[in-house]
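Structural features, examined
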Amino acid sequence: MDPFWMIFNIFVILSSIFGDTTILVASIKYNAFTLHNSIVTVIQHLAVCDLLSTFGYIADVSLKLAGWEDLNHVFYKEFIVYLYVISHPVSFIFPAVLTMLKLLIVKFPFHARLWSKRNAHLVCGFIWILSLAYPINIRLDPKNLDASSPSSDLPPSFYLRLDVSRALGLAGTLVPLSIVIVTSALLIFEAVKVVRKRGNRLKLEGLMTVIATSVVFSILVLPQGVFYAHYYHQVIEANGAKSAQRLFNVMEYMLRANVMVNFFIYSLTVTSFRKFLLERAHQLKTAICCGEEGNIDIERLKTDICCGEKGNIERLKAMICCGGEGNIERLETAICCGEEGNIDIERLKTAICCGGKPPSAVEKMAT
């Protein structure tokens, strides 16, 4: 395997598992997306689709490394490949649904208030059911066709399979892509018209999220549309096989990137989601620096106060005593001083450093 392709796939897999899991947890448990309920529901289903694609790819590669790459193997053919391929059409349809929903929300804002999560889940579920038929194309996949043989040696069934596969590939790529492009243009037009007509500001957060998703999606899936549009001619011409393979490799890179890119789009365009990530990152940093469960590391506190290493009193006071990044209740629990209000840092410092009579808090801290 090409080293670059291997490193790229590892990055995509890790980014997808972390990013899509974070999207699901943030949206379901913490309500970190301040967007319309229907939009959030589609985002959740898209994250599930990306995770399904990632785990299907992991299983696919793992079984191939184990020697189960033969498509005639029942478990591989009927389960792993089916699981991997089923996410392909869904990942194309959901961005189109996302742009259409946002267009309807902007055009009919009062009706959109009545839309529920349940209805959005029903629509997404219907799309999943429709996509169950797509893996029939596994046996017609252009990757499984022998493009190296001269055209005179190819049986008639080869051309039939190629025509059907090409038609399915074009329809599955160009239809969602066309919907995304057209609805995105209409969405921008409607947004500008609403602002001019009503004279008020439009909420740009959801608009920018949908537009960014649409633009990135269009760029990443365009090579697949070009591939299916020209693959037939490349196959029957012996001198075109290499160029078709190069285009196919570009398509593979783009489609793999499409699996993990949504997390980065939401991080940049959704303020509430970005705030959620920053808060969790700060909590993780606090837990690592200050001990488990956010408690104050007493030994480190004593070292900082006594020896002046890696800290100073003013920063310490601001961090744990003055309502900044700290928590006075946690500090009281950790040091067991039982006092209300701020801790007397100077008295604590004197007691530890200078051998004076320590207060009860220092005695408890020392034990």
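Residues numbered from 1 in each chain as written. Predicted model: local features only at pLDDT ≥ 70, side-chain atom pairs only at ≥ 80, totals over all residues. Heavy atoms only, no water.

What follows is about the nonpolar core. Counting residues in each nonpolar core, the largest one holds 47 residues, and the members touching the most others are Ile23, Phe33, Ile43, Phe94, Tyr266 and Phe273. Residue assignment for this core shows that the elements contributing at least two residues are helix 1 (3-28), helix 2 (37-65), helix 3 (74-107), helix 5 (117-131), helix 6 (156-198), helix 7 (204-236), helix 8 (241-269) and helix 9 (271-290). For Phe33, the contacting residues outside a window of four places in its chain are Ile23, Ala26, Ser27, Val40, Ile43, Tyr266, Val270, Ser272 and Phe273. Formed by twelve residues, the second largest nonpolar core is a distinct cluster that contains Ala96, Leu170, Tyr228 and Phe248. (Core = buried A, V, L, I, M, F, W, Y, C linked by side-chain atoms within 4.5 Å. Buried < 20%, exposed > 50% of the residue type's maximum accessible area, 1.4 Å probe, protein only. Helix = DSSP H or I, 4+ residues; strand = E, 2+ residues; numbered from the N terminus. Contact = heavy atoms within 4.5 Å.)

This paragraph deals with the pattern of salt bridges. It is possible for side chains bearing opposite charge to pair when their charged atoms get close. Under the definition given, this model contains two salt bridges. Here Glu190 ties to Lys107 by a salt bridge, and the two come within 3.3 Å at their closest N and O atoms. Taken together, the residues span a long stretch of sequence, with Glu190 in helix 6 and Lys107 in helix 3 at a distance of 83 residues. Judged by relative accessible area, Glu190 falls into the buried class, the value being 10%. With its nearest N and O atoms 3.4 Å apart, the salt bridge here joins Glu190 to Lys193. Taken together, the residues Glu190 and Lys193, both in helix 6 and three residues apart, mark about one turn of the helix. A single salt-bridge network, built from bridges that share partners, covers Lys107, Glu190 and Lys193. (Salt bridge = Lys/Arg side-chain N within 4 Å of Asp/Glu carboxyl O.)

By the element assignment, Thr269 lies in helix 8. The exposure class of Thr269 is buried, given its relative accessible area of 16%. Looking at Thr269, its side chain comes within polar contact range of the main-chain oxygen of Ile265, at 2.8 Å. Each residue touching Thr269, except ones within four places of it in the same chain, is listed here: Glu205, Met208, Thr209, Ala212 and Arg274. (Polar contact = N/O pair within 3.5 Å; in protein donor to acceptor, adjacent residues only side chain to side chain.)

One can describe the packing of helix 2 onto helix 5 by two numbers: an axis separation of 8 Å at closest approach and a directional angle of 35°. Handedness of the crossing formed by helix 2 with helix 5: right-handed. Of helix 5, the residues touching helix 2 (which contributes Asn37, Ser38, Thr41, Val42, Gln44, His45, Val48, Cys49 and Leu52) are Lys117, Ala120, His121, Cys124 and Trp128. Each residue belonging to the contact of helix 2 with helix 5 can be placed in one class, and the counts come to seven nonpolar, six polar and one charged. (Axes fitted to C-alpha atoms, helices over the stretch in contact; angles between N-to-C directions. Left-handed = near helix turned anticlockwise from the far one by under 90°. Nonpolar A, V, L, I, M, F, W, Y, C, P; charged D, E, K, R; others polar.)

Distances and angles like these do not, on their own, reveal function.
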